[in-house]
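So the chains spell out like this:
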Amino acid sequence: MNFNFTPEEEAFRKEVRSWLEQDLPDDLRGRGFAASRADMEEVKRLRAWQKTMHEAGYVGMDWPREFGGRGAPITEMVILYQEMARAESPQLVNRGGVSMLGPTLMKFGTPKQQERFLTKILTAEDLWCQGFSEPNAGSDLANLQTRAVRDGDHFVVNGQKVWTSMGHVADWGFFLVRTDPDAAKHKGISFLLIDMKTPGITVRPLRQMTGEAEFNETFLDNVRVPVENLVGKLNEGWSVAITTLAYERDLLTFIRHISLRNALHRLVRLTQARGRAADPIVRQKIAQLWIGEQALQLNGYRSLTKILRGGAPGPEGSTSKLFWSQLDQELAQAATEVLGPYSQLSHGAERAPDEGQWEFYTSLAMASGIRAGTSEILRNILGERVLGLPKD
Ligand SMILES: Cc1cc2nc3c(=O)[nH]c(=O)nc-3n(C[C@H](O)[C@H](O)[C@H](O)COP(=O)(O)OP(=O)(O)OC[C@H]3O[C@@H](n4cnc5c(N)ncnc54)[C@H](O)[C@@H]3O)c2cc1C
């Protein structure tokens, strides 16, 4: 494992750092910590920020040049994310599009789909949501029941999705639908791109314990989708979806520790500011979190090194997600203990520490062990596929 960045990479770091210092708008600085993607006005500002980043060449940097990227190595991506975290910049608002759908379209999309969608993913002109989960298909995703039936040059889609993050602000969604109900579970699924303004789509926000409604129920009622919006082959959408999810997991493995480090630095400042820095129990907790964050980073570097040497990603993705979600929740708990009753004050309250972002962070952390693979499922994967434990 190589822990050092090359002189060229360090030069790139300098370039990004000074650009962020100059160009990150003041009203977005510091919003990377516990940012909302539910509020329309906030989403508008985040869209404009992604556009600015794109114009400066910092969106989809690892995408090949022919698709609008820079063909940059993954190490530069990692540096970019490190510097964005250091500047407390919000993440890309269209990250599902940039890190999941974009690479999927490059692999499975038709030239027409690539031309129509890729650039607008980078500029955030088209905001994307992911319509995979259903009321009876979460961990068991292949159990999905939303049906698409061919009718001339359209599919007619009926069903319900749930937990569709940003469904209420998205222009487009990438959906999994069942196109052959008689085939085995994983076989009769297709991957469709759906314009969220198509008649028959109803998006109903679900209020979360954070107080905001960032995800939604999405109902599809005789929604007509042009056949040309099918990605990959008919009934072979499962392998397309697996690719989409793998892109998300691989990138997150390298950068997951970064957001955690941001929160940890804030926690240290908070502990000092509130006169708790000499408390041995608080100190011990923070030290444990610090060690955890370092372990997460090294796990990410291990995965990165493997990939740079031409290998395939291993179980680091599952260990990283599982370990990160535990640390995230422990960090939120430590902050709650440091703040005491002030931890309950939310955004807008006069005495809310860090503008109420800790209250938001703590509520959001409850979802860390659920989204993108629950902790139980990850333990099953690690136990059965990595450690070779019996299934039962
Ligand atoms: C913040 C957030 C954002 C999300 N955004 C999106 C999105 O944009 N698009 C989208 O499609 N989905 C999204 N999801 C959905 C997410 O992918 C699912 O919540 C997740 O896959 C779990 O599915 P489920 O909620 O149906 O839980 P279930 O699968 O019903 O699980 C319920 C419980 O049972 C456990 N369990 C289930 N099966 C097993 C098993 N075989 N062994 C042991 N335990 C098991 C689980 O671990 C869990 O504790 C989001 C979720 C969250 C929390």
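Located above this text is the structure these notes cover.
These numbers come from a predicted model, not from an experiment. (Residues numbered from 1 in each chain as written. Predicted model: local features only at pLDDT ≥ 70, side-chain atom pairs only at ≥ 80, totals over all residues. Heavy atoms only, no water.)

### Section: the overall build of the protein chain
For the protein chain, the helix and strand inventory stands at 10 helices and eight strands. In terms of overall dimensions, the protein chain has C-alpha extents of about 70 × 50 × 45 Å along its principal axes. Burial status across the protein chain gives 49% buried among its 392 residues. Charged side chains in the protein chain number 47 positive and 49 negative. The centres of these two groups are separated by 2 Å. (Helix = DSSP H or I, 4+ residues; strand = E, 2+ residues; numbered from the N terminus. Buried < 20%, exposed > 50% of the residue type's maximum accessible area, 1.4 Å probe, protein only. Lys, Arg positive; Asp, Glu negative; His and termini not counted. Charge placed at Lys NZ, Arg CZ, Asp CG, Glu CD.)

### Thoughts on the environment of Asn-299
Along the chain, Asn-299 turns up in helix H7 (residues 280–308). By relative accessible area, Asn-299 is classed as buried at 11%. Each C-alpha atom, one on Asn-299 and one on Gly-317, is 8.9 Å from the other, the two residues being 18 residues apart in sequence. Not counting residues within four places of it along the chain, the set of residues in contact with Asn-299 comprises Glu-316, Thr-319 and Ser-320. (Contact = heavy atoms within 4.5 Å.)

### Here we look at the packing of aromatic side chains
Using the criterion set out here, one finds 13 aromatic pairs in the structure. Among the aromatic residues, ring-to-ring pairing joins Phe-117, Trp-128, Phe-132, Trp-172, Phe-174 and Phe-191 into one connected group. A cation sits over an aromatic face here: Arg-274 above Tyr-342, 5.0 Å from the ring centre. (Phe/Tyr/Trp six-rings, centres within 6.5 Å; stacked < 30°, edge-to-face > 60°. Lys NZ or Arg CZ within 6 Å of the ring centre and 35° of its normal.)

### Considering the site of the ligand
In the region of the ligand, 16 residues are neighbours, and Ser-133, Ser-139, Trp-163, Thr-374 and Glu-376 sit closest. Between the ligand and Gln-130 there is a distance of 2.7 Å, counted from a nitrogen atom to a backbone nitrogen or oxygen. Phe-132 has a polar backbone atom sitting 3.0 Å from an oxygen atom of the ligand. Bound to the protein, the ligand loses 65% of the 980 Å² it would expose on its own. With three residues, helix H10 (residues 375–386) is the single largest residue contributor to the shell around the ligand. For the shell around the ligand, a count of residues per class yields six nonpolar, eight polar and two charged. (Near = heavy atom within 4 Å. Polar contact = N/O pair within 3.5 Å; in protein donor to acceptor, adjacent residues only side chain to side chain. Areas by Shrake-Rupley, 256 points an atom, 1.4 Å probe, with all protein chains shown as cover. Nonpolar A, V, L, I, M, F, W, Y, C, P; charged D, E, K, R; others polar.)

### Examining the pairing of strand S5 (residues 189–195)
Within S5, six of the seven residues are buried, which leaves it mostly tucked inside the rest of the structure. Two elements, strand S4 (residues 172–178) and S5, share seven bridges in a ladder whose sense is antiparallel. Bridged to Phe-174 within S5 is Leu-193. Examined bridge by bridge, S5 and strand S8 (residues 230–231) share two bridges and lie antiparallel to one another. Bridge pairing in S8 places Leu-192 opposite Leu-230. (Pairing = 2+ DSSP bridges.)

That's the geometry; what it means functionally is another story.
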